[in-house]
Amino acid sequence: MDAADPLRCKRAEFHVPEGVIYLDGNSLGLLPVSVKDRVAETVENEWGNSLIRAWNSHSWMDLPEKVGAKIAKLIGAEEGTVVSVDTTSLNVAKAVSAAMALNPERKVILTDNGNFPTDIYMAQGIADLVDKGHEVRIVNPQDVYEALDETIAVMMITQVDYRTGRRHNMKQLTERAHAVGAITVWDLAHSAGAFEVDLTSCNVDLAVGCTYKYFNGGPGAPAFIYVAPRHQDNIKPILSGWIGHKAPFAFELGYQPAEGIKRMNVGTPPVIALSALDAALDVWVDVDMSEVRMKSVALSELFIAEVESRCTQFGLTLASPRDADSRGSQVSFRCPDGYAVMQALIAEGIIGDFRAPDIIRFGFTPLYLGYEDVLNATKKLEEILRSEVWREPAFMKREKVT
Ligand SMILES: *Cc1c(COP(=O)(O)O)cnc(C)c1O
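Parameters at a glance
- Residues numbered from 1 in each chain as written.
- Predicted model: local features only at pLDDT ≥ 70, side-chain atom pairs only at ≥ 80, totals over all residues.
- Heavy atoms only, no water.
- Buried < 20%, exposed > 50% of the residue type's maximum accessible area, 1.4 Å probe, protein only.
- Helix = DSSP H or I, 4+ residues; strand = E, 2+ residues; numbered from the N terminus.
- Contact = heavy atoms within 4.5 Å.
- Near = heavy atom within 4 Å.
- Polar contact = N/O pair within 3.5 Å; in protein donor to acceptor, adjacent residues only side chain to side chain.
- Nonpolar A, V, L, I, M, F, W, Y, C, P; charged D, E, K, R; others polar.
- Pairing = 2+ DSSP bridges.
- Right-handed = clockwise from strand over helix to strand, strands pointing away.
- Core = buried A, V, L, I, M, F, W, Y, C linked by side-chain atoms within 4.5 Å.
- Domains from an automatic or database assignment.

Draft legend 1. Structural context of helix α12 (residues 338-347). Extensive coverage of α12 is indicated by the burial of 7 of its 10 residues. Looking at the buried positions of α12, the neighbouring elements they touch are β13 (350-351), β14 (353-355), β15 (359-363), α13 (371-387) and α14 (393-396). Immediately downstream of α12, the backbone of G349 shows phi near 90 degrees, a positive value.

In C-alpha cells form, the structure reads like this:
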C-alpha cells in the first residue's frame, strides 16, 4: 500500500527521528526540515545583522497577514480573512466577544461538553468581563442542533472532539445557527490540516485554530483567527492593541481599528515563531487536501481493524465513531490502565498520548505516516498488552504533560 501512496514523497520533508513511529501529530506535528534553516536565517541574519531595520527590510510586520494568507488557502477561506496571531485560547476570547457584540440582544453562548476546556473557560471569562448577563450553555454534542433556538447569541463549537475524534457537521450546524439568528464561532484546532475545511461555502462567521498540531508550526506556534468579510468592519476588538490600530506608528491616544482582518492583531508579532510557521506551511503548497483525507481514512480504518483483531481481548474498545465520515484524523480507544500502556508504548518509540480517564489516542498525519507504520504500531501494542510490561512501576508514574 505504501508503494502506491501519492503522498509518500512528503515524508522526506520532515525530520522523522530514528526508531520512532509518531502517532501524535494531532498534538504536536513533526519538524519540517526547511524550518531549521529558516529559523537559523531569521535569528542569525535578520535579527543578528539587520536588527530593528528588519521590521521593514524583511517585512517582519507583515508576517501575521502573510502566514494568515497561507492558512486561508488550506481552510477554504477568502483572501484577507485570516491572521496568524496569539494563542488559540486568546483568539477564542477575541472571536466570542466579537460574536456576542454582533448579536447584542441575546445572552446565550451555546457549546458542547466535547469542547476543549480552554474554549469554555475563555467564553465564561468573557461573559463575566462583559457583565451583561450572558450564560455559557453546555449541552451534549449530539444535542447541539436541537439546542439552537432563538435565544442563542453565539454557537461556539469545536469541530473535532479532542478525546474521541468525533466530528461535527459544519455546514449543517452553521445553517441551523443562521436560521435561528445565531452567530457562529468554529474552532478548527483538530480540523485545519487534518481534512478539507471550507469556511466560505459553509458560510461560517468566525473561526480560530491551532498551528502546532496538523500544520507542524512547532511548540506554541502562533494560532490563527478568521473573520468573514461581511463582519470585518463591524467588529470592535475587545483586545484593542496597537498592532490592530489603524495607524500604529501615529501613536494616537485613542484607539481606531485597522481596516479588515488586520484589526484582530493585538501586540508585536512573534517573528521567530511566525518565520518557523511560515516555512512549515510551505510543505502544503503541492498537497491536495482530498488526498490527505483519503489517506487519513485509510490509515485510520487499518488501525481500527488491526487493533480490534489483536487487542479487544485485553479490554480495548473503540472510543471514536466507527463511521469515518463522523471522525476527524485521530482514533481513540478506551483502555484499562491506558496511561501505563501508553507509557510502555512510548518507551518502544510508538508515540501517541493519553487523555483522562482511560483514553489512548492516536493521530494520523498522512504527510509523514505510512501503512507499514500502522501495522508495526499495532503489533507492538499487542505485544505490550500480552506481556503486561506496562505493569512496571516506571510506566505508572504520571508526568506533568500526558
Ligand atoms: C489544542 C487546542 C487548544 C489549545 O489552545 P492554546 O491556547 O494553544 O493552548 C484550544 N482549543 C482546542 C479545541 C484545542 O484542541
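Draft legend 2. The site of the ligand, seen in detail. Close contacts around the ligand come from 13 residues, with S89, D119, H190, Y212 and K213 the closest. Contacts to the ligand include Y212, whose side-chain N or O atom sits 2.8 Å from an oxygen atom. Elements supplying a minimum of two residues to the shell around the ligand: α4 (88-102) and α5 (117-130). Partitioning the shell around the ligand into residue classes produces 4 nonpolar, 6 polar and 3 charged.

Draft legend 3. Structural context of the pairing of strand β5 (residues 108-112). The buried fraction of β5 is high, at 5 of 5 residues. Side chains V108, L110 and D112 project from β5 onto one buried face, and the interleaved I109 and T111 project onto a second face that is buried too. Sheet analysis places β5 next to strand β6 (residues 135-139), joined by 5 bridges and oriented parallel. Bridge pairing in β6 places T111 opposite I138. Of the crossover connections in this fold, the one passing from β5 over α5 to the parallel β6 is right-handed. Relative to strand β7 (residues 152-158), β5 runs parallel, the two being bridged by 3 bridges. When the bridges of β7 are listed, V108 appears paired with I152.

Draft legend 4. Representation of the nonpolar core within the structure. Grouped together as the largest cluster of nonpolar side chains are 55 residues, with contacts concentrated most on I75, W186, L188, L199, W284 and L367. Top contributing element to this core by residue count: helix α3 (residues 63-74), with 5 residues. Counting contributing residues per domain, this core is built from domain 1 (8-31 + 288-396) and domain 2 (59-284), each supplying no fewer than three. Leaving out residues up to four positions away in the same chain, L367 has contacts with L7, K10, R11, F14, V283, W284, V287 and V292. With 33 residues, the next largest nonpolar core counts Y339, A344, F354 and W390 among its residues.

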